[in-house]
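Chain by chain, the residues run as shown.
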Amino acid sequence: METLDYLLPQVWFGILALFLFLYVMLDGFDLGVGILSLTSSSEERRSILMTSLSNIWDANETWLILMGGSLFGAFPLAYGTILQALYIPVFIMIFGLIFRAVAFEFREQANRKWFWNIAFGLGSFLAALGQGFALGGVLEGIQVDASGHFIGGSWDWLRFPSVVVALTLIQGYVLIGSTYLIWRTEGELQQTHYKTAKIAALTTLIGAIVITIVTPIVYESARSRLFSQPLIYIFALIPLLGILLIWQLWQSLEKKKEALPFVWTILLFLLTFMGLALVIFPYIIPNSITIYQAAAAPSSLVIMIIFIGALIPVMLFYNIYQYVVFRGKITVDEGEIG
Amino acid sequence: MDFLSNTVVLSRMQFALTAIFHMLWPVLTTGLGIYLVIIEGLWLKTKNKDYYHHARFWVKLYVLNFGIGVASGIPMGFQFGTNWAPLSEAIGNFFGSIIGFEASWAFMLEAAFLGIMVFGWERVNPIIHYIATILVAIGANLSTFWILTANSWLQTPAGVELVEGKYEVIDYVAAVFNPFMINSVMHMVLATLETSLFVIGGISAWYMFKQRHTEFFSKSFKIVLVVAIAVAPLQIYVGHLSGEQVQEYQPTKLAAMEAQWETIPAGQSADWSVLAIPNEKAERNDWELKIPQALGYILELKPTLSKPVLGLKEWTPEQRPHLLGLIYYAFRTMVAIGFFLAGLMLVTIFEWMRGKLSPDIIAQQRWLLGGWIFAAPLGYIAIESGWIVRCVGRQPWTVYNTIRTSDAAANLPPGNVLTTLIFFAVTYTLLLFAAFYFGRRIILKGPNLELPLPGETTPILGVNPGQFKPDQRPTEAQQ
């Protein structure tokens, strides 16, 4: 029983981290493509960008819903406290996602597309911004009382480090969006995104460096964890691996590889993510609430492992199947758009 | 304007607004989903290309609804955390896990196969496509199942134990199969199906009224009729069962639905009021129109009742629902629409049997077709009314008889909630207009009967499977 009380929340921490990673990776490139669409020079290009997402954005976004629902069920206390504390960034994200979602179909139908172009691009940007501030806000720590309820202010999440986190996340999304487009498009459009991917790689790198330096200085909780044995060896490895991956990414962009830049970017995301998870664990709200305090009753966690956890391979299967069905380069027939 | 500084009221208004708006969209995606399964099945079976063109036409409305449904669904789940944190903590063990099941069982299934259903006609063979269509319909209806399970549990909590202010699940089966669950799921599945049928029927009737593609749309019209024969009466019966359950489990709600102030003792004639003007201050109805003994017939099929119907005065004002007029008339609106739709179905069947619906003369049935056009939006009104009865009538409780709505709300600065509420009001108004506008355009444009069957399109696709050609992008072609 004792071990179960520790094991179950840990399993759920892992599952939630997986869902969040899948979301950040998959909807990350959707949002990145959306942000990039703000700079598109023509309607035709924008059409290709949106077409590249039209059949998958919804499945990608579903990982967020799944993460939210699972967090609600597995760590109810954290669900309430985090979302209440992050009221403003969460709603920035929600309104961004609303406009992004409806833009697909409405733009398709509209004669005058400018409004829905903005809805799509700005919606994607706001969603990314909200997520960045939410992540920054959680890393910042949330003020809670003895029973774990939020007692801070509405704007606590808005601090210099969270601004850096938000900007870096947006850069990261632009990077993964660019590399996704390199993979899925061809010709001039592809060439453009070799350039944007390089710029985004540099800006993301700068953000990552700032965060790596700032984290141990600003966040007490992270500092004590970062320099504890044996974790320090892992944390020492992460920047090295990061530099290696960025170098590989750069090489693949130089050599105009098609799928590789996307793969290296995903690995970069994964590495960052593992770093973050290690910094936060065993807390779910850094420095105040551990996963054990926030966890649902063991009976609920077990049932959820059966009804959600066991479905993960199935969900992954039909998501992958979908990518297989729609594989290949996206082109819009030139005769259709003129 | 006290409510502007009352977080509980503002959070309730926001939840009500977002829920009422959200409810409009999944109706078609669940009900029309089933219809698409029928129509695509008919195509595969008969090889009649009209059915294929039907599938391609109706799926456009499906997609239009789907995007807004997804978009407006996101704030529903997140609001439990942002605005109702104490509730989330108290009910998370059960309710939260159910929300997780909905995402993993329903949403992911629907989302993953929707792409193939909408864009995949040229990419997979017809059988795989049909499986995708079926899985989308299953996903959408599973979503109804889980959400109604979760909501029913709030109405009739079972299988749980309150430990230090949190519900712990002691019996998952009992919690899932709580007293309201089966009826509520049935009532909602039938509601989305019936509403979709009358939307499809209404739009088909409009085309025939205008004598556009009359024969084509007489096909969809008749499929609607055949399904409605079973659905419309069954819905009235399931609705009746739900009413009986309300009497048993939620007496305060029944009293509010009937604006019944005084208890009707067992064995006494139970009158039913058709219309009333409830006066909450004076605890009476200022005026009412009653049918003698009708309530007895409604609940037990006899003039008197075997158990008493409790009146509102049995509870103190803090223990019973308010907004009586809303609950009272919402209930009557729902019931009236249910009977109207069933009646319309019967009249139409009668005309069908008299041979008045054959494609060459159906356009002459002006009144009948007019009735169907009029009926198209009614299902939505009935569904919204039903949810108002269900959730406003549950007040002052969020978890019936245990957690008060005022205790469930998070202590947020009212200004924050007011701001998001205003943003929702503006955004949703815009989306509603846009949906009407684009929906109208899809209907005005009509079906594309020239669309080649899958496999008969330009050979490019056969040669280069990498060529991604999305579903007919006609509007862009006109640019």
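About the thresholds
- Residues numbered from 1 in each chain as written.
- Chains lettered and ligands numbered in written order.
- Predicted model: local features only at pLDDT ≥ 70, side-chain atom pairs only at ≥ 80, totals over all residues.
- Heavy atoms only, no water.
- Core = buried A, V, L, I, M, F, W, Y, C linked by side-chain atoms within 4.5 Å.
- Buried < 20%, exposed > 50% of the residue type's maximum accessible area, 1.4 Å probe, protein only.
- Helix = DSSP H or I, 4+ residues; strand = E, 2+ residues; numbered from the N terminus.
- Contact = heavy atoms within 4.5 Å.
- Polar contact = N/O pair within 3.5 Å; in protein donor to acceptor, adjacent residues only side chain to side chain.
- Axes fitted to C-alpha atoms, helices over the stretch in contact; angles between N-to-C directions.
- Parallel < 35°, antiparallel > 145°, perpendicular 65-115°, else oblique.
- Left-handed = near helix turned anticlockwise from the far one by under 90°.
- Nonpolar A, V, L, I, M, F, W, Y, C, P; charged D, E, K, R; others polar.
- pLDDT = per-residue confidence, 0-100.
- Patch = residues over 30% accessible without salt bridge, like charges linked within 9 Å, V, L, I, M, F, W, Y side chains within 5 Å.
- Areas by Shrake-Rupley, 256 points an atom, 1.4 Å probe, with all protein chains shown as cover.
- Salt bridge = Lys/Arg side-chain N within 4 Å of Asp/Glu carboxyl O.
- Phe/Tyr/Trp six-rings, centres within 6.5 Å; stacked < 30°, edge-to-face > 60°.
- Lys NZ or Arg CZ within 6 Å of the ring centre and 35° of its normal.
- Buried area = accessible area lost by both parts, 1.4 Å probe.
- UniProt positions renumbered as here; feature names shortened; annotations may be inferred.

J.: Let's hear about the nonpolar core: which residues, and what values?
T.: Counting 245 residues, the largest nonpolar core has F75(A), F106(A), W58(B) and I91(B) as the members making the most contacts within it. Examining the composition of this core, we find that 19 residues originate from one element, helix α4 (residues 85-119) of chain B, more than from any other. Discounting residues that sit within four places of it in the chain, F75(A) has contacts with P9(A), W12(A), F13(A), L16(A), S70(A), I284(A), I291(A), A294(A), A295(A) and A296(A). Counting 24 residues, the second largest nonpolar core, distinct from the first, contains W272(B), V309(B), L312(B) and L324(B).

J.: Let's hear about the side chain of N83(B): which residues, and what values?
T.: Among the structural elements, N83(B) can be located in the loop between α3 (49-82) and α4. Taking the relative accessible area as the measure of exposure, N83(B) reaches 0% and is therefore buried. Engagement of the side chain of N83(B) in a polar contact is seen with the side chain of S11(B), the distance being 3.1 Å. Those residues within four positions of N83(B) in sequence are excluded, and the remaining contacts are Y87(A), F91(A), S11(B), Q14(B), A409(B), A410(B), L412(B) and V417(B).

J.: How would you sum up the packing of helix α8 (residues 187-218) of chain A against helix α10 (residues 231-254) of chain A? Please name residues and give values.
T.: Residues and elements named next belong to chain A. Two elements in contact, α8 and α10, have axes whose closest approach is 10 Å; the angle formed by their N-to-C orientations is 165 degrees. Accordingly, the angle class assigned to the pair α8 and α10 is roughly antiparallel. Considering how the two elements wind past one another, α8 and α10 form a crossing that is left-handed. Here Y194, A197, K198, A201, L202 and L205 of α8 come into contact with α10, specifically with I246, L249, W250, L253 and E254. Residue classes in the contact of α8 with α10 are distributed as nine nonpolar, no polar and two charged.

J.: Describe the confidence of the model for chain A, with residues and values.
T.: All names here are of chain A. Here chain A averages 88 in pLDDT, and 97% of its residues register 70 or above. Element-level pLDDT for chain A is lowest in helix α9 (residues 220-226), with a mean of 72, against a maximum mean of 93 in helix α5 (residues 87-109). In this model, residues 333-338 is a region of pLDDT below 50 whose contacts with residues beyond four sequence positions or in other chains number ten contacts.

J.: Tell me about a nonpolar patch on the surface, and please be specific about residues and values.
T.: Side chains of L38(A), W114(A), F115(A), I118(A), L122(A), L126(A) and L430(B) sit close together on the surface and give an oily, nonpolar patch of about 600 Å² of accessible area. If you tally residues by element for the nonpolar patch, the top one is helix α6 (residues 114-140) of chain A, at five residues. Looking at where L38(A) falls in the secondary structure, it is placed in the loop between α1 (2-37) and α2 (43-54). Of the residues examined, L38(A) reaches a relative accessible area of 41% and is grouped as partly exposed.

J.: Could you give an account of the packing of aromatic side chains, naming the residues involved and the relevant values?
T.: Under the criterion given, the structure shown has 59 aromatic pairs over all chains. Their ring planes at 85 degrees and their centres at 4.8 Å tell us that F115(A) and W116(A) sit as a pair that is edge-to-face. Take W116(A): its relative accessible area is 6%, and that puts it in the buried class. Counting every residue linked through ring pairs, the aromatic cluster contains Y87(A), F91(A), F95(A), F21(B), W25(B), F423(B), F424(B) and Y428(B). Cation over ring: R184(A) sits above W183(A), and NZ or CZ is 5.8 Å from the ring centre. Above the face of the W397(B) ring, R404(B) is positioned so that its terminal group lies 4.9 Å from the ring centre.

J.: Which residues make up the interface of chain B and chain A, and what are the values?
T.: With 77 residues of chain B in contact, the opposing surface of chain A contributes 71 residues. Interface of chain B and chain A: buried area, both sides summed, is about 6700 Å²; carbon and sulfur atoms make up 68% of it. At the boundary of chain B with chain A, the tally comes to 14 residue pairs in polar contact (both at pLDDT 80 or more). Going through the elements one at a time, α3, α4, β2 (166-169), α15 (414-445) and α17 (474-477) of chain B are the ones with two or more residues in the side of chain B that touches chain A. Per-element tally for the side of chain B that touches chain A: the top contributor is α4(B), with 24 residues. Across the side of chain B that touches chain A, the residue classes tally to 46 nonpolar, 24 polar and seven charged.

J.: So what's going on with the pattern of salt bridges? Residues and values would help.
T.: Residues and elements named next belong to chain A. Under the defined criterion, the tally for this structure stands at 15 salt bridges over all chains. Measuring nitrogen to oxygen at the nearest pair gives 3.5 Å for the salt bridge that ties E43 to R46. Of this pair, E43 and R46 are both found in helix α2, three residues apart, which corresponds to roughly one turn of the helix. Classification of R46 as buried rests on a relative accessible area of 13%.

J.: Talk me through the UniProt feature "transmembrane region" (unreviewed entry) in chain A; I want residue IDs and the actual numbers.
T.: Per the UniProt record, "transmembrane region" (unreviewed entry) is found at residues 12-38, 85-103, 115-139, 159-183, 199-219, 231-250, 262-285 and 297-321 of chain A. End C-alpha to end C-alpha, residues 85-103 of chain A measures 29 Å, and it is 95% helix and 0% strand.

J.: Give a detailed account of the packing of α3(B) against α4(B), specifying residues and quantitative values.
T.: Residues and elements named next belong to chain B. Here α3 crosses α4 at 160 degrees, and the two axes come no closer than 11 Å. Considering their axes alone, α3 and α4 lie roughly antiparallel with respect to each other. Taken as a pair, α3 and α4 cross one another with a handedness that is left-handed. Packed against α3, whose contacting residues are V59, Y62, V63, F66, F80 and G81, the element α4 presents A85, L87, S88, F95, E110, L114, M117 and V118 at the interface. Its residues assigned to classes, the contact of α3 with α4 shows eleven nonpolar, two polar and one charged.

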